[in-house]
Amino acid sequence: MTQHGIGKIIRMGQLIDAESQHTVIVAIDHGLGGAVPGIDNLEPALEKIIGGKPDAIIMSMGVAKRFQHLFSGRGKPSIIITVDRRFGSTLPGKSSRGEAYRLTVDVEDALLIGASAVKMVMNYGREDIDVHTDNAEAVAEVARQCDGWRVPFILEPVLWGSLVTEADRNNLDILKHICRMGFEAGADLLKINYIGDVPTFREVAQTCP
């Protein structure tokens, strides 16, 4: 990590316990897709999550702006901002008809709101190769911004495309490939699905420095 500068080391230390090298991070950025049950009444849900003392919470810019008071003070979880969105339908709740994808937040703006890290997805299985390559280009841009601002970059390789089968989602070889590609793209941390058991998952970790 030293090659990335002291700022990134310090921010990574806000996310990961120095002794155990473990972290507990809770994602509540699902509201970018609408009012999700469980976090539809957001403030009390956030208060319960924060009461559990996670190391960090993944959220949208809107949540970070509105609920700054819940994250102010020692011992509060760090803020991780989601900087991208995928679009499938122009009407929430309707079936997906597209594969559009966009960056929606600059890394600098996430820092201004108090973020310790940013998170985005790298989506596999899209039918349109141009959508996939646009996503890869966006990942490279965010990795560059994160190195420039010394911000940890969390990447989530996902199998959300229409070409993906249920068997693909539980395929160890595919998981190893997409995780390694995430590392190669410049991620500092990967947010990935746990499949199989500890020995199986160790294979994934060993392919990812």
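So, a few notes on the structure that sits alongside this text. Quantities reported herein were computed from a predicted structural model and do not represent experimental measurements. (Residues numbered from 1 in each chain as written. Predicted model: local features only at pLDDT ≥ 70, side-chain atom pairs only at ≥ 80, totals over all residues. Heavy atoms only, no water.)

### Focus: helix α2 (residues 42-51)
Taken together, the buried positions of α2 are occupied by Leu42, Ala45, Leu46, Ile49 and Ile50. Down the axis of α2, the buried side of the element spans an arc of 130 degrees, and every buried residue falls inside it. Across α2 from its buried face, at more than 90 degrees, point the exposed residues Lys48 and Gly51. The elements touched by buried residues of α2 are β1 (25-27), β2 (56-59) and α3 (61-66). (Buried < 20%, exposed > 50% of the residue type's maximum accessible area, 1.4 Å probe, protein only. Helix = DSSP H or I, 4+ residues; strand = E, 2+ residues; numbered from the N terminus. Arc of directions from axis to C-beta. Contact = heavy atoms within 4.5 Å.)

### Considering the sheet that holds strand β6 (residues 117-124)
Think of a sheet as strands paired side by side through backbone hydrogen bonds, with each pair either parallel or antiparallel. With respect to topology, six strands assemble into an open sheet ordered β1-β2-β3-β6-β7-β8, the strand pairing being parallel. A single partner strand is all that each edge strand has here, and the edge strands are β1 and β8 (189-190). Set on the sheet, helix α7 (residues 172-184) makes contact with β6, β7 (153-159) and β8; between it and β7 the angle comes to about 150 degrees. (Pairing = 2+ DSSP bridges. Axes fitted to C-alpha atoms, helices over the stretch in contact; angles between N-to-C directions.)

### A short note on a negative patch on the surface
On the surface, Glu127, Asp128, Asp130, Asp134 and Glu137 cluster together into a patch of negative charge. Here Glu137 lies in helix α5 (residues 129-149). Assessed through its relative accessible area of 57%, Glu137 is described here as exposed. (Patch = residues over 30% accessible without salt bridge, like charges linked within 9 Å, V, L, I, M, F, W, Y side chains within 5 Å. Areas by Shrake-Rupley, 256 points an atom, 1.4 Å probe, with all protein chains shown as cover. Salt bridge = Lys/Arg side-chain N within 4 Å of Asp/Glu carboxyl O. Lys, Arg positive; Asp, Glu negative; His and termini not counted. Charge placed at Lys NZ, Arg CZ, Asp CG, Glu CD.)

### A word on the environment of Arg11
Note that Arg11 resides in helix α1 (residues 6-15). Contact partners of Arg11, with chain neighbours within four places excluded, come to Leu111, Ser116, Trp149, Arg150, Val151 and Pro152.

### Here's the deal with the pairing of β6
Most of β6 is tucked away, with eight of its eight residues classed as buried. Alternating residues of β6 divide into Ala117, Lys119, Val121 and Asn123 and Val118, Met120, Met122 and Tyr124, and every residue in both groups is buried. Sheet analysis places strand β3 (residues 78-82) next to β6, joined by three bridges and oriented parallel. If you follow Ile80 over to β6, its bridge partner there is Ala117. Taken together, the seven bridges between β6 and β7 define a ladder with parallel strand orientation. Note that in β7 the partner of Lys119 across the bridge is Ile154. On the question of chirality, the crossover connecting β6 to the parallel β7 by way of α5 is right-handed. (Right-handed = clockwise from strand over helix to strand, strands pointing away.)

### A few points about the nonpolar core
Ranked by size, the top nonpolar core spans 48 residues in total, and within it Leu46, Met59, Phe71, Ile81, Val118, Met120 and Phe153 carry the most contacts. When sequence neighbours within four positions are dropped, the list of residues in contact with Val118 reads Ile80, Ile81, Val83, Val107, Ala110, Val142, Cys146, Val151, Pro152, Phe153 and Ile154. Membership of the second largest hydrophobic core comes to eight residues, among which are Leu15, Ile58, Ala117 and Ile154. (Core = buried A, V, L, I, M, F, W, Y, C linked by side-chain atoms within 4.5 Å.)

### Some points on the pattern of salt bridges
Within this structure, the stated rule accounts for nine salt bridges. We note a salt bridge from Asp147 to Lys8, for which the minimum N-O separation is 2.7 Å. Separated by 139 residues along the polypeptide, Asp147 in helix α5 and Lys8 in helix α1 bring together distant segments of the chain. Residue Asp147 is classed as partly exposed on the basis of its relative accessible area of 31%. When its relative accessible area of 0% is taken as the criterion, Lys8 is described as buried. In this structure, Asp29 and Lys119 form a salt bridge, with 3.3 Å as the shortest nitrogen-oxygen distance. Taken as a pair, Asp29 in the loop between β1 and α2 and Lys119 in strand β6 lie far apart in primary sequence, 90 residues in all. For Asp29, a relative accessible area of 12% corresponds to the buried category. The class of Lys119 is buried, set by a relative accessible area of 4%.

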